[in-house]
Amino acid sequence: INAAVPMAILAGYMIVEAIQRVSSPILTGIERADVPFKSRLLGVTIALLFNVLLIPQYGLTGAAVATLTAKLVDTIIQWVAVYSILEIDIPSRSLGWELLSAGIMGIGVYGSAQVLQPSTLLELAVTVILGVGVYSVLVVQDDEIRNVVEQYIPFKIPV
């Protein structure tokens, strides 16, 4: 149980890492590999400094916070560079719809898990399938998302 909080913080680290795994190759591909190099150098410096400051007082949690903070700074620097170099149009309405759909799915899965309290593989599968179904039905209500999905499936999605 002592590692639960640090592990939750490091789960956040993995999300930031996944986001950075997009920015770094973009910068390298447009011949700006200097940006990820410099941002990682700063990130390592922050990690070292924060570890020295936080571990003595907060232990594992301090180490996790130091690691997440360093990766977050590293990633923000890279994405600021990407946005300053390239013209990027984020489909914010569709992204918001995906997040809302995921949130509703999460509530549905949590609720069904509370009711079913899955203890068998079949009950767990039903809970997962319910979540997939709720998300799938909701997310394709957005026209842009539905158009993209329909490019990869052999039929039109009824709305």
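Small disclaimer: the values here were computed from a predicted structure and weren't measured.

**Q** Would you mind going over the overall build of the protein chain with me for this structure?
**A** When you go through the protein chain residue by residue, the secondary structure sums to five helices and zero strands. Scanning the protein chain from its N terminus toward the C terminus, one meets helices and strands in the order α-α-α-α-α. The C-alpha radius of gyration computed for the protein chain amounts to 21 Å, which surpasses the reference 15 Å derived for 159 residues by more than 25%, pointing to a less compact arrangement than a globule. Taking the principal axes of the C-alpha coordinates as reference, the protein chain spans close to 50 × 45 × 25 Å. For the protein chain, the share of sequence-separated contacts (at least 6 apart) that also reach a separation of at least 24 residues comes to 64%. For the protein chain, the computed accessible surface area is about 10,700 Å², with 72% contributed by carbon and sulfur atoms.

**Q** I keep staring at the side chain of Thr 127 and nothing clicks. Help me out?
**A** Along the chain, the position of Thr 127 falls in helix α4 (residues 121-139). Judged by relative accessible area, Thr 127 falls into the buried class, the value being 4%. In this structure, Thr 127 is in contact with Val 109, Ser 112, Ala 113, Leu 116 and Pro 118, ignoring residues within four places of it in sequence.

**Q** Looking at this structure, I do not really get the packing of aromatic side chains. What am I missing?
**A** Pairs of aromatic rings are described using the distance from one ring centre to the other and the angle between the two planes. Using the criterion set out here, one finds one aromatic pair in the structure. Seen from their ring centres, Trp 79 and Tyr 83 are 5.8 Å apart, and the 45° between their planes marks the pair as tilted. With a gap of four residues between them, Trp 79 and Tyr 83 both fall in helix α2 (residues 34-85), about one helical turn apart. Trp 79 sits in the buried class, given a relative accessible area of 18%.

**Q** Help me understand the packing of helix α3 (residues 92-116) against α4, please; the structure alone is not making it clear to me.
**A** Axes are the key here: two packed helices are described by the angle between their axes and the distance separating the axes. For the pair α3 and α4, interaxial distance at closest approach is 9 Å and the crossing angle is 155°. Judged on the interaxial angle alone, α4 and α3 are roughly antiparallel. The element α3 and its partner α4 pack so that their crossing is right-handed. Residues Trp 97, Glu 98, Ser 101, Ala 102, Ile 104, Met 105, Gly 108, Val 109, Ser 112, Ala 113 and Leu 116 of α3 touch α4, and the partners they reach there are Glu 123, Val 126, Thr 127, Leu 130, Gly 131, Val 134, Tyr 135, Leu 138 and Val 139.

**Q** When you look at the side chain of Lys 71 in this model, what are you seeing that I'm missing?
**A** The topology assignment puts Lys 71 in helix α2. Take Lys 71: its relative accessible area is 11%, and that puts it in the buried class. Only 3.0 Å separates the side chain of Lys 71 from the side chain of Gln 20, close enough to count as a polar contact. Apart from the residues lying within four places of it in its own chain, the contact partners of Lys 71 are Tyr 13, Val 16, Glu 17 and Gln 20.

**Q** I'm lost on α2 in this one. Help?
**A** An α-helical turn contains 3.6 residues, so any two residues separated by three or four positions project in the same direction. For α2, with 52 residues, the first-to-last C-alpha span of 13 Å runs short of the 76 Å given by 1.5 Å per residue. Along α2, the largest kink reaches about 150° and is centred on Tyr 58.

**Q** Help me understand a nonpolar patch on the surface in this model?
**A** A cluster of nonpolar side chains, namely Ile 30, Tyr 83, Ile 85, Leu 86, Ile 88, Ile 90, Leu 95 and Leu 99, defines an oily patch on the protein surface of about 650 Å² accessible area. Of all the elements in the fold, those that place two or more residues in the nonpolar patch are α2 and α3. Looking at the element boundaries, Ile 30 is found in the loop between α1 (4-29) and α2.

Cut-offs used in this document
Residues numbered from 1 in each chain as written. Predicted model: local features only at pLDDT ≥ 70, side-chain atom pairs only at ≥ 80, totals over all residues. Heavy atoms only, no water. Helix = DSSP H or I, 4+ residues; strand = E, 2+ residues; numbered from the N terminus. Rg over C-alpha atoms; globule rule 2.2 N^0.38 Å. Contact = heavy atoms within 4.5 Å. Areas by Shrake-Rupley, 256 points an atom, 1.4 Å probe, with all protein chains shown as cover. Buried < 20%, exposed > 50% of the residue type's maximum accessible area, 1.4 Å probe, protein only. Phe/Tyr/Trp six-rings, centres within 6.5 Å; stacked < 30°, edge-to-face > 60°. Axes fitted to C-alpha atoms, helices over the stretch in contact; angles between N-to-C directions. Parallel < 35°, antiparallel > 145°, perpendicular 65-115°, else oblique. Left-handed = near helix turned anticlockwise from the far one by under 90°. Polar contact = N/O pair within 3.5 Å; in protein donor to acceptor, adjacent residues only side chain to side chain. Expected span 1.5 Å × (residues − 1). Bend = angle between axes of the 7 residues up to and from the residue. Patch = residues over 30% accessible without salt bridge, like charges linked within 9 Å, V, L, I, M, F, W, Y side chains within 5 Å. Salt bridge = Lys/Arg side-chain N within 4 Å of Asp/Glu carboxyl O.

Just geometry here; none of it tells us what the structure is for.
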